[in-house]
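Residues per chain, in single letters:
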Amino acid sequence: MQHSDFGPGASGHLSEIAPFWGGAYCFDPDPLPPTWEFPADLWPVLNEANKQLMLLEGIGRSLPNPAILLRPLRDREAILSSRMEGTMATPRQLLLYELDPREAASEEDPRNMHREVANYARALDYALTSPLPTGLTLIRQLHAILMDGVRGKNRDPGQFRRQQVAIGAPARYVPPAPGRLQDFLDPFDAYLHLERKRYDPLVDCFVTHYQLEAIHPFSDGNGRIGRLLLTLMIQRCCGMTQPWLHMSEYYEADHQQYCDRMYRVSTEGAWSDWIGYCLKGVAQQATKTIERCDRLRTLRDEYYDRLTGKSASLRLKQIIDGLFKAPMVAIADLPEAIGVTYPTAKSDVAKLVKAGVLAEFPDHHPKTYYAPEIFAIAYEGLE
Ligand SMILES: Nc1ncnc2c1ncn2[C@@H]1O[C@H](COP(=O)(O)OP(=O)(O)OP(=O)(O)O)[C@@H](O)[C@H]1O
């Protein structure tokens, strides 16, 4: 860690540790809230972010079936947040894994990565339905789900780290020493539990995101847990009925910038820069999500027309709605999902193939179908 990068405005202090960790120092972040005042020139940026967020909330809330948006959003977030850390799964791999979650055969088996991405999605679902307040207990539970059954060293599901870690190679940022972690985690937990924090709720989401990353409490998975918590906090603290907004797409577009801005909070106390960047991301992500929602809604209406017109068969509508939640389906799973016999399910799938809604997924047993047009919108840019 570059000692000379840290100036008088740093948002914490350097303290000495064992010399082999990229220099002899780690960074001890000051407890929240920072002494930083929210600057006047960021008000328009904050207002725009909150406006777009509320627009998205209104549109999401008016959806007759919110799952048509929530599931693709959740999967996009799981894929992109994991991809930022080198854990790769395409949407197809994720959906196929979820249809058939077999154990990985070895540490090198790519199914390990698919499982980790599926775990991320599962952890998000868990967080969003958990009655626990946002705090360390919930954070540890989420980490345990994220690392559940994943092979590899230093995963320690649900456990705070007992060793020194560093970000980057050579170490660019070195978080607090393990022996003193609790000194940073306790005040962090107390701040999370405050009903009214220091700033606008949206601003506080990004202030706390920085703090969790600066403490880096786990030996692995800190980036993902931080972004998962961010989704949860935006939903819980900003009056949203559902998790409509995720930030990983924005951060992933320029990972370096995301990390650099956090680094400069540590070294110079550059909060305005970090918060302004995040708020712009909120407006951008909200706008993108609204557009995606419109495209999915239009496509669903078009499918209803294409297949059945006004005399829409309820059963086919049900299958179509299901495809918007997960655009992959195995005939064998349909009878239980919609309460029909196997021959009826087979004939319905044939109708959907004829109408161009479904296509057979090549080289896969048991026979599996996917909806290419839904796929193209929901997972745009991810294949
Ligand atoms: N200078 C920094 N200060 C604080 N946090 C940072 C900094 N640079 C990057 N980060 C955060 O650390 C994350 C990466 O941390 P690290 O490389 O230690 O991975 P990890 O703990 O193994 O977690 P994951 O596997 O989810 O990344 C980034 O995604 C970002 O959120």
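Residues numbered from 1 in each chain as written. Predicted model: local features only at pLDDT ≥ 70, side-chain atom pairs only at ≥ 80, totals over all residues. Heavy atoms only, no water.

The protein chain has the name Adenosine monophosphate-protein transferase SoFic in an unreviewed UniProt entry, where Botrimarina colliarenosi is given as its organism.

Engineer: For this particular structure, what's the right way to read the domain arrangement of the protein chain?
Structural biologist: Interface extent is often summarised as the accessible area lost during association of the parts. Segmentation of the protein chain into domains returns domain 1 (3-291) and domain 2 (309-375). On a C-alpha basis, the centres of domain 1 and domain 2 stand 36 Å from each other. Each side of the interface is counted separately: domain 1 has ten residues, and domain 2 has twelve residues. Contact between domain 1 and domain 2 buries roughly 1,100 Å² in total, counting both sides, with carbon and sulfur atoms accounting for 74%. Looking only at domain 1, the three residues that lose the most surface to domain 2 are Arg-92, Leu-96 and Leu-99, adding up to 48% of its buried area. Remark: the boundary between domain 1 and domain 2 carries zero salt bridges. Between the two partners, domain 1 and domain 2, sit zero residue pairs in polar contact (both at pLDDT 80 or more). Every element with two or more residues in the side of domain 1 that touches domain 2 is listed here: α2 (67-83) and α3 (91-99). In terms of residue class, the side of domain 1 that touches domain 2 is made up of seven nonpolar, one polar and two charged. (Domains from an automatic or database assignment. Contact = heavy atoms within 4.5 Å. Buried area = accessible area lost by both parts, 1.4 Å probe. Salt bridge = Lys/Arg side-chain N within 4 Å of Asp/Glu carboxyl O. Polar contact = N/O pair within 3.5 Å; in protein donor to acceptor, adjacent residues only side chain to side chain. Helix = DSSP H or I, 4+ residues; strand = E, 2+ residues; numbered from the N terminus. Nonpolar A, V, L, I, M, F, W, Y, C, P; charged D, E, K, R; others polar.)

Engineer: Hey, could you run me through the nonpolar core in this one?
Structural biologist: Generally speaking, nonpolar side chains in soluble globular proteins are found buried as a group. By size, the foremost hydrophobic cluster in this structure holds 126 residues, and its most contacted members are Leu-202, Phe-206, Ile-234, Tyr-251, Trp-274, Ile-275 and Leu-279. When residues of this core are assigned to their parent elements, the largest contribution, 15 residues, is made by helix α11 (residues 271-308). When we break this core down by domain, the ones giving at least three residues each are domain 1 (3-291) and domain 2 (309-375). When sequence neighbours within four positions are dropped, the list of residues in contact with Tyr-251 reads Met-84, Phe-206, Arg-227, Leu-230, Tyr-258, Trp-274, Tyr-277 and Cys-278. (Core = buried A, V, L, I, M, F, W, Y, C linked by side-chain atoms within 4.5 Å. Buried < 20%, exposed > 50% of the residue type's maximum accessible area, 1.4 Å probe, protein only.)

Engineer: What is the right way to look at the layout of surface pockets in this model?
Structural biologist: Rolled over the atoms, a probe sized like a water molecule indicates the empty space that remains. As a volume, the largest pocket reaches approximately 680 Å³. In terms of lining residues, the largest pocket is bounded by 29 residues, among which Glu-85, Ile-167, Glu-213, His-216 and Cys-259 are the most central. For the lining of the largest pocket, the secondary-structure elements that each account for two or more residues are α7 (201-215), α8 (222-237) and α10 (255-268). Take the lining of the largest pocket: its biggest share by element is seven residues, from α10. The class makeup of the residues in the lining of the largest pocket is ten nonpolar, eleven polar and eight charged. (1 Å grid on protein atoms, 1.4 Å probe; cavity = no way out; pocket = protein on both sides within 12 Å on 5 of 7 lines; lining within 4 Å. Points joined across faces, edges and corners; volume = space filled by probe spheres on them.)

Engineer: Is there a simple way to think about empty space enclosed by the protein in this case?
Structural biologist: Taken as a whole, this structure holds three cavities of 30 Å³ or more when the rule is applied. Roughly 110 Å³ of volume is contained in the largest cavity. Contributing to the lining of the largest cavity are Leu-73, Arg-76, Glu-77, Leu-80, Trp-244, Leu-245, His-246, Glu-249, Gln-285, Lys-288, Thr-289 and Arg-292. Classifying every residue of the lining of the largest cavity gives four nonpolar, three polar and five charged.

Engineer: Just checking my understanding: could you explain the site of the ligand for this structure?
Structural biologist: Around the ligand, 16 residues are found, and the nearest of them are Glu-85, His-216, Asp-220, Asn-222 and Tyr-258. The separation between an oxygen atom of the ligand and a polar side-chain atom of Glu-213 is 3.2 Å. At a separation of 2.7 Å, an oxygen atom of the ligand approaches a polar side-chain atom of Asn-222. One can see that the ligand is located within the largest pocket. Counting residues per element, the shell around the ligand draws most heavily on α10, at five residues. Partitioning the shell around the ligand into residue classes produces six nonpolar, five polar and five charged. (Near = heavy atom within 4 Å. Sits in = over half its atoms within 2 Å of the grid points.)

Engineer: Please explain the pattern of salt bridges as it appears in this structure.
Structural biologist: Oppositely charged side chains are able to pair whenever their charged atoms sit close together. Applying the stated criterion across every chain, the model contains 35 salt bridges. Close ionic contact of Arg-74 with Asp-75 constitutes a salt bridge, the shortest N to O distance being 3.0 Å. The exposure class assigned to Asp-75 is buried, which follows from its relative accessible area of 0%. When salt bridges that share partners are traced, they join Arg-71, Arg-74, Asp-75, Glu-98 and Asp-125 into one network.

Engineer: Please clarify how the pairing of strand β2 (residues 25-29) should be interpreted in this entry.
Structural biologist: Each regular strand displays side chains that alternate between the two surfaces of the sheet. By the criterion of burial, β2 is predominantly enclosed, with four of the five residues buried. In the sheet, strand β1 (residues 12-16) pairs with β2 via five bridges, with the strands oriented antiparallel. Bridged to Leu-14 within β2 is Phe-27. (Pairing = 2+ DSSP bridges.)

Engineer: Is there a simple way to think about unusual backbone geometry in this case?
Structural biologist: Leave glycine aside and you will find that most residues have negative phi; peptide bonds, for their part, are mostly trans. Along the chain, Leu-32 connects to Pro-33 via a cis peptide bond; the corresponding omega equals 0 degrees. That bond from Ala-169 to Pro-170 is cis: its omega, 0 degrees, falls within 30 degrees of zero. Along the polypeptide, Pro-170 turns up in the loop between α5 (136-146) and α6 (181-193). Positioned with a positive phi, Asp-156 is a non-glycine residue whose angle comes to about 40 degrees. Of note, Asp-156 is situated in the loop between α5 and α6. The residue His-216 is not glycine, and still its phi comes out positive at about 50 degrees. Summarising the element assignment, His-216 is placed in the loop between α7 and α8.

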